[in-house]
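Here's the letter readout for the chains.
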Amino acid sequence: MVTYCRGVIDEDLIFKALADGTRRLILDALHTQSGQSLGALEEIVADRTEMSRFGVAKHLKVLEAADLVIVQRHGRQKLHYLNSVPIRAIYDRWIDKYTEPQVRALTVLKQKAETHHD
Amino acid sequence: MTDLSKQVHGIYIDAPAERIWEALTSSEYTNQYGYGGDVEIELTAGGAMRHLTTDQMKSMGMGDVAITGTVVEADPPKRLVLDWSAAWHDEPPSRLTYDIVEGPSGLTRVTMTHELPESPQTAMDVAGNADVENGGGGWPWELSSLKTLLETGKPMTTAGAQ
């Protein structure tokens, strides 16, 4: 069940949803191409790991409960869309406020290191 | 290549649907969140919509109008559908839909669907990126700032707006 605390999706739901490799893989797939069917997502997951259609559907339910995925119907098809608004909120709450200069510096350092490495 | 031709953004806001409708359609609110600027909208099918630029946007070389649109459907406070064009790109109009559903607890769900199959540059801008300070926040940031304003009363217009 979705729980709310003062008008917000519980942050725990978002962090729990993100704390799983398959669910992050699904989010990445929806970032590349938003609006995908369960079948299409199942194929993407199957390329990386062994999982049943039921398993993928369960992961999608967790992402939906955390409001990271929104389902819209198109005729007979159910398509899954990435909702980046909660990620924005997490970013504002946990990165922007405390550590953005440091994170930015580290990101630049990482990019530089990786460019040199290539 | 990321496909941004249809974007869906959802947010829960602790405010009645009527207030959210006001916030989307009146300048009193639109100057206090997101990119700021007055809005002029004739809330009837076929009515014109203009979102005007702020002084900051003008100093960046924009004209008087940031967004032009036509109202496709206005059903206050539940549904607003617009044909929507960004003045800074020469691209065909896109379809912007707000669905506003008030829940029993007083929490209101706002779902915004933006369909831009023929407007790839606009699509990239409205999808948002990490560079909020330079106006890159897009819809996720705009909706977050709307929530902040309505729930805390704290105006939130940075992002190249003020």
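Each chain has its residues counted from 1, running along the sequence as written. Chains and ligands are labelled by the order in which they are written, letters from A for the one and numbers from 1 for the other. Per-residue local features of the predicted model are confined to residues with pLDDT of at least 70, and side-chain atom pairs are confined, for both listing and counting, to 80 or more; whole-chain, interface and lining totals are unaffected and use all residues. Computation of side-chain values covers all heavy atoms of the structure but excludes hydrogens and water.

**Quick word on the overall build of chain B**
Reasoning step 1: Secondary structure elements are defined from DSSP: runs of H or I of at least 4 residues count as helices, runs of E of at least 2 residues count as strands, and each element is numbered from the N terminus. Helix and strand counts for chain B come out as five helices and seven strands.
Reasoning step 2: Walking chain B from its N terminus toward its C terminus, one meets helices and strands in the order β-α-α-β-β-α-β-β-β-β-α-α.
Reasoning step 3: Across its three principal axes, chain B shows a C-alpha extent of roughly 45 × 35 × 30 Å.
Reasoning step 4: Across the 162 residues of chain B, 52% fall into the buried class.
Reasoning step 5: Whether two residues are in contact is decided by their heavy atoms, any of which lying within 4.5 Å being enough. For chain B, contacts bridging at least 24 residues in sequence account for 50% of all contacts bridging at least 6.
Reasoning step 6: When the accessible surface of chain B is totalled, it reaches about 7,200 Å², and 50% of it is carbon and sulfur.
Reasoning step 7: Distance between charge centroids for chain B: 5 Å, based on 10 positive and 24 negative side chains. Only protein chains enter the accessibility calculation, which uses a 1.4 Å probe; a residue whose area is less than 20% of its type maximum is buried, one above 50% is exposed, and one in between is partly exposed. Residue exposure ignores everything except the shown protein chains as possible cover, and the areas themselves are Shrake-Rupley values with a 1.4 Å probe. Positive charge is attributed to Lys and Arg, negative charge to Asp and Glu, and no charge count is given to His or to the chain ends. Taken as the charge location is NZ of Lys, CZ of Arg, CG of Asp or CD of Glu.

**Thoughts on the interface of chain B and chain A**
Reasoning step 1: The interface is formed by 23 residues belonging to chain B together with 21 residues belonging to chain A.
Reasoning step 2: Taken over both partners, the interface formed by chain B and chain A buries close to 1,900 Å², and the fraction arising from carbon and sulfur atoms is 48%.
Reasoning step 3: By buried area we mean the combined loss of accessible area, with a 1.4 Å probe, across both parts when two parts are placed together. Of all residues in chain B, K6, V8 and Y12 of chain B give up the largest surface area on contact with chain A, accounting jointly for 28% of the area buried on that side.
Reasoning step 4: Salt bridges are defined as contacts in which a side-chain nitrogen from Lys or Arg sits within 4 Å of a carboxyl oxygen from Asp or Glu. Taken together, the links from chain B to chain A amount to one salt bridge.
Reasoning step 5: The partner of R109 of chain B in a salt bridge is D67 of chain A, and the shortest N-O contact between them spans 2.7 Å.

**Details of the domain arrangement of chain A**
All names here are of chain A.
Reasoning step 1: Taken domain by domain, chain A consists of domain 1 (4-83) and domain 2 (87-118).
Reasoning step 2: Counting residues at the interface gives five residues for domain 1 and four residues for domain 2.
Reasoning step 3: At the boundary of domain 1 and domain 2, one finds zero salt bridges.
Reasoning step 4: N or O atoms closer than or at 3.5 Å make up a polar contact, with two conditions inside protein: a donor-capable atom paired with an acceptor-capable one, and, for residues adjacent in sequence, both atoms drawn from side chains. Applying the counting criterion to the domain 1 and domain 2 interface returns zero residue pairs in polar contact (both at pLDDT 80 or more). Segment limits for the domains were obtained from an automatic or database-derived domain assignment.

**Some remarks on the pairing of strand 4 (residues 65-75) of chain B**
Residue and element names in this part refer to chain B.
Reasoning step 1: Two strands form a pair only when DSSP identifies at least two bridges running between them. Pairing geometry for strand 3 (residues 48-52) and strand 4, over five bridges, is antiparallel. Along strand 4, the bridge assignment pairs A48 with T70.
Reasoning step 2: Taken together, the eight bridges between strand 4 and strand 5 (residues 79-86) define a ladder with antiparallel strand orientation. Bridging across to strand 5, I67 finds its partner in A86.

**Brief notes about the nonpolar core**
Residue and element names in this part refer to chain B.
Reasoning step 1: Counting 34 residues, the largest nonpolar core has I13, I20, W84, Y98, L146 and L150 as the members making the most contacts within it.
Reasoning step 2: When residues of this core are traced back to their parent elements, those giving at least two are strand 1 (6-13), helix 1 (17-25), strand 4, strand 5, strand 6 (94-102), strand 7 (108-115), helix 4 (120-127) and helix 5 (138-152).
Reasoning step 3: What I20 contacts, discounting residues up to four positions off in sequence, is I13, A15, I100, T108, V110 and L150. Take the buried residues of types Ala, Val, Leu, Ile, Met, Phe, Trp, Tyr and Cys, join any two whose side-chain atoms come within 4.5 Å, and each joined set is a nonpolar core.

**What to know about empty space enclosed by the protein**
All names here are of chain B.
Reasoning step 1: Think of a 1 Å grid over just the protein atoms. A cavity is a set of points where a 1.4 Å probe fits yet cannot get out, a pocket is an open set with protein on both sides within 12 Å along at least five of seven lines, and lining residues have an atom within 4 Å of a point. Grid points are joined across faces, edges and corners, and a volume is the space filled by probe spheres set on the points. Taken as a whole and judged by the stated rule, the model has one cavity of 30 Å³ or more.
Reasoning step 2: Lining the largest cavity, in full, are W84, S85, A86, H89, E91, P92, S94, S119 and T122.
Reasoning step 3: The greatest single-element share of the lining of the largest cavity, amounting to three residues, is contributed by strand 5.
Reasoning step 4: Ten residues, namely Ala, Val, Leu, Ile, Met, Phe, Trp, Tyr, Cys and Pro, are considered nonpolar, four, namely Asp, Glu, Lys and Arg, are considered charged, and the remaining ones, Gly among them, are considered polar. When the residues that make up the lining of the largest cavity are grouped by side-chain class, the tally is three nonpolar, five polar and one charged.

**Notes on the packing of helix 2 (residues 21-32) of chain A against helix 3 (residues 38-48) of chain A**
Residues and elements named next belong to chain A.
Reasoning step 1: To get an axis, fit a line to the C-alpha atoms, keeping to the stretch in contact for a helix; angles then go from 0 to 180 degrees between the N-to-C directions. Their axes nearest at 10 Å, the elements helix 2 and helix 3 cross at an angle of 125°. It follows that helix 2 is oblique to helix 3 by the angle criterion. When the axes of helix 2 and helix 3 are compared, the crossing they make is right-handed. Where helix 2 approaches helix 3, its residues T22, L25, I26, A29 and L30 are matched on the opposing element by L41, I44, V45 and R48.
Reasoning step 2: Each residue belonging to the contact of helix 2 with helix 3 can be placed in one class, and the counts come to seven nonpolar, one polar and one charged. Orientation labels follow simple angle bins: below 35 degrees gives roughly parallel, above 145 gives roughly antiparallel, 65 to 115 gives roughly perpendicular, and whatever is left gives oblique. By definition, any crossing whose near helix is turned counterclockwise from its far helix by less than a right angle is left-handed, and any crossing with a clockwise turn is right-handed.

**Details of the UniProt feature "domain: Activator of Hsp90 ATPase homologue 1/2-like C-terminal" (unreviewed entry) in chain B**
Reasoning step 1: UniProt positions are given in the numbering used here, feature names are shortened, and annotations may be inferred rather than shown by experiment. If you check UniProt for "domain: Activator of Hsp90 ATPase homologue 1/2-like C-terminal" (unreviewed entry), the listed places come out as residues 14-151 of chain B in our numbering.
Reasoning step 2: Between the first and last C-alpha atoms of residues 14-151 of chain B the distance is 6 Å; the span itself is 29% helix and 32% strand.

**Some remarks on the sheet that holds strand 7 of chain B**
In any sheet, the strands associate via hydrogen bonds between backbone groups, in a parallel or an antiparallel arrangement.
Residue and element names in this part refer to chain B.
Reasoning step 1: Read from one edge of the open sheet, seven strands run 1-7-6-5-4-3-2, paired in antiparallel fashion. Strands with a single pairing partner mark the edges of an open sheet, and in this sheet they are strand 1 and strand 2 (39-41). Each strand of the sheet is rotated relative to its neighbour by a mean of 20°, with strand direction disregarded.

**Some remarks on the pattern of salt bridges**
Residues and elements named next belong to chain B.
Reasoning step 1: Enumeration according to the criterion identifies eight salt bridges over all chains in this entry.
Reasoning step 2: Here E40 ties to R50 by a salt bridge, and the two come within 3.0 Å at their closest N and O atoms. Residue E40 is found in strand 2, and its partner R50 is found in strand 3; the two are separated by ten residues along the sequence.
Reasoning step 3: For E40, a relative accessible area of 36% puts it in the partly exposed group.
Reasoning step 4: Residue classification places R50 among the partly exposed residues on the basis of a relative accessible area of 36%.
Reasoning step 5: One salt bridge in this structure joins E151 and K147, with 3.0 Å as the shortest N-O distance. Residue E151 and its partner K147 are located together in helix 5, separated by four residues, close to a single helical turn.
Reasoning step 6: Relative accessible area serves as the criterion here: at 13%, K147 is assigned to the buried category.
Reasoning step 7: Three or more residues are tied together by salt bridges with common partners; here these are E73, R79 and D99.

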